[in-house]
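Overview (structure and organization)
These are the residues of each chain, in order.
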Amino acid sequence: MKIIYTLAFTLILIGSTFAQVKPASESAMDRFLRYVKIDTQSAEDQNTVPSTKKQLDLANLLAKELNDLGVQNVRVSEFGIVYGMVPGNLADNSKVPTVGFIGHMDTSPSVSGANVNAIIHKNYQGGDIVLPNDKTQVISVDKNPDLKNLIGDDIITADGTTLLGSDDKSGCAEIMTMIDILRNNPQIKHGNLAIAFTPDEEVGGGIEKFDIPGWGAKFAYTVDGEQLGDISNETWSARTATVTFHGKNTHPGTAKDIMINSMYAAGDFLANFPANAPNRPETTEKRVGFVHPYSSSLSEETSTIKILIRDFDLSGVAAKEDLLKQIVAKTQAKYPNVKIDYESKLGYLNMKEVLKDYPQLTDYAIEASKRAGVTPEIRPIRGGTDGSNLTARGLPTPNLFTGGHNFHGKLEFNSRKGLEKTTDTLVNLVQIWAEKSK
Ligand SMILES: [Zn+2]
């Protein structure tokens, strides 16, 4: 075991700038296996951050481990956010911007994360992976083409009854192991590094409590992506529209010539939505945005329909708003007695709107991946990330891979190579920031 690990580590470091890098005191794999045992499932619709107290179990453990690794200013905030600072080891640290790394501690509310029984499929030789405690749960080569790249690797899965928690305990383990390697290798030069572990990423809300000025990073990375090499500097630009239909209600027994039932207008409005691409989530993929009615309330007096508007480009968002307004106008013409109001509000902005001014964040991540022997690929996220929020608030934050797959479900997996190559990428990345900022 020890020999295999040292060997794997040596292989990873071939091609790295420093041939004589000492390994971490504890592998990313061992850290990961410890973190996934702690149930940190977050919950929707709570008024507190963190949404579940049990997330503090991991927060307190990570804070202790940061302290044990000599990280400075370690604190757990009242919202369960763990902060710390790894001091730079340069002659003048002020010449290199403070770069932040963020992993999230919670797991998705959609599948249980209690009593996770991680299984290591050693020296994977191809084929489907059947999860032992629910044989209907199968990680198939068909649906997971990346499995072909993992021959000979040790694949980590849950047992079929829970999610694994790779999202995002992989990110937490990788960041922690990066700190460990830097501590063991003072010859690796880097600037100040801000470290944070956040709660409630899966339910939103946690990141709003994030103390950007107190943390001190000028740029940051979330380590929360999927397969090795995936780097994301784009998310949706998101708006939510609310269309309200005002009718008039009265007792149905005496309603003749008085009642105006808003529900018919609402139904007409929905019926006028274009059925084909490129307008609906169920007919779009890749860079194509959509409009998506996702919730409604219907009654005679007042009906409302809520609609997601998603596009990578602001011009695309504007075009979709125009489309919605045209549909409103069409319905209004047909139902002149129903007053129809349209309003929309901004959800979040595509981080590219900001990150395009800081191309070095992505460029350095690409370079760091290559040095780790990983083929980088820029992949836009058809959603938002904690980085969308931070970027909009002035802290440019793209997203890096973790090696994980199949987030939020029982088929979630990562691998030893996934964890180690990501860790190696992070170690390279902090060096590159120091090299380029001289
Ligand atoms: Zn995540």
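Scroll up a little and you will see the structure.
Residues numbered from 1 in each chain as written. Predicted model: local features only at pLDDT ≥ 70, side-chain atom pairs only at ≥ 80, totals over all residues. Heavy atoms only, no water.

Attention now moves to the coordination of the zinc ion. Of the protein atoms, only H104 (NE2), D167 (OD), D224 (OD) and D224 (OD) coordinate the zinc ion, at distances of 1.9 to 2.7 Å. Coordination at the zinc ion comes from four donor atoms whose angles at the metal span 53 to 145°, giving a geometry best classed as irregular. Motif for the zinc ion, donor spacing along one chain: H-x62-D-x56-D. Taken together, the residues span a long stretch of sequence, with H104 in strand 3 (residues 99-104) and D224 in the loop between strand 9 (219-223) and strand 10 (230-232) at a distance of 120 residues. A single burial state applies to H104 and to D224, both of which are buried. (Donors = N, O, S within 2.8 Å, 3.2 Å for Na, K, Ca; no water. Tetrahedral: all angles 85-135°; square planar, octahedral: opposite > 155°, others 65-115°. Helix = DSSP H or I, 4+ residues; strand = E, 2+ residues; numbered from the N terminus. Buried < 20%, exposed > 50% of the residue type's maximum accessible area, 1.4 Å probe, protein only.)

What follows deals with the pattern of salt bridges. The tally for this structure, following the rule as stated, stands at 19 salt bridges. E377 is the salt-bridge partner of R379, the closest N and O atoms lying 3.8 Å from each other. Taking the relative accessible area as the measure of exposure, R379 reaches 34% and is therefore partly exposed. Within this structure, E26, R31, R34, E65 and D180 form a network of salt bridges that share partners. (Salt bridge = Lys/Arg side-chain N within 4 Å of Asp/Glu carboxyl O.)

Time to look at the nonpolar core. Core analysis: the largest hydrophobic core is formed by 59 residues, its most contacted members being F101, M178, I179, F197 and Y221. By residue number, the principal contributor to this core is helix 4 (residues 166-184), which donates eight residues. What F101 contacts, discounting residues up to four positions off in sequence, is I175, M178, L193, A194, I195, A196, W215, Y221, V223, L426, L429 and V430. (Core = buried A, V, L, I, M, F, W, Y, C linked by side-chain atoms within 4.5 Å. Contact = heavy atoms within 4.5 Å.)

Along strand 9, five of the five residues are buried, which leaves the element largely enclosed by surrounding structure. Burial along strand 9 is two-sided: F219, Y221 and V223 and A220 and T222, pointing in opposite directions, are all buried. With four bridges connecting them, strand 3 and strand 9 associate as parallel partners. Residue pairing in the sheet places I102 in a bridge with T222 of strand 9. Inspection of the sheet shows strand 9 paired to strand 16 (residues 399-400) by two bridges, in the parallel sense. Residue pairing in the sheet places T222 in a bridge with N399 of strand 16. (Pairing = 2+ DSSP bridges.)

Once that is clear, we can look at the pairing of strand 11 (residues 237-246). A large share of strand 11 lies buried, amounting to seven of its ten residues. Pairing geometry for strand 11 and strand 13 (residues 302-311), over ten bridges, is antiparallel. Bridge assignment links T242 to a residue of strand 13, and that residue is K306. The pairing of strand 11 with strand 14 (residues 339-348) spans nine bridges and is classified as antiparallel. From the neighbouring strand, A238 faces strand 14, where its bridge partner is Y348.

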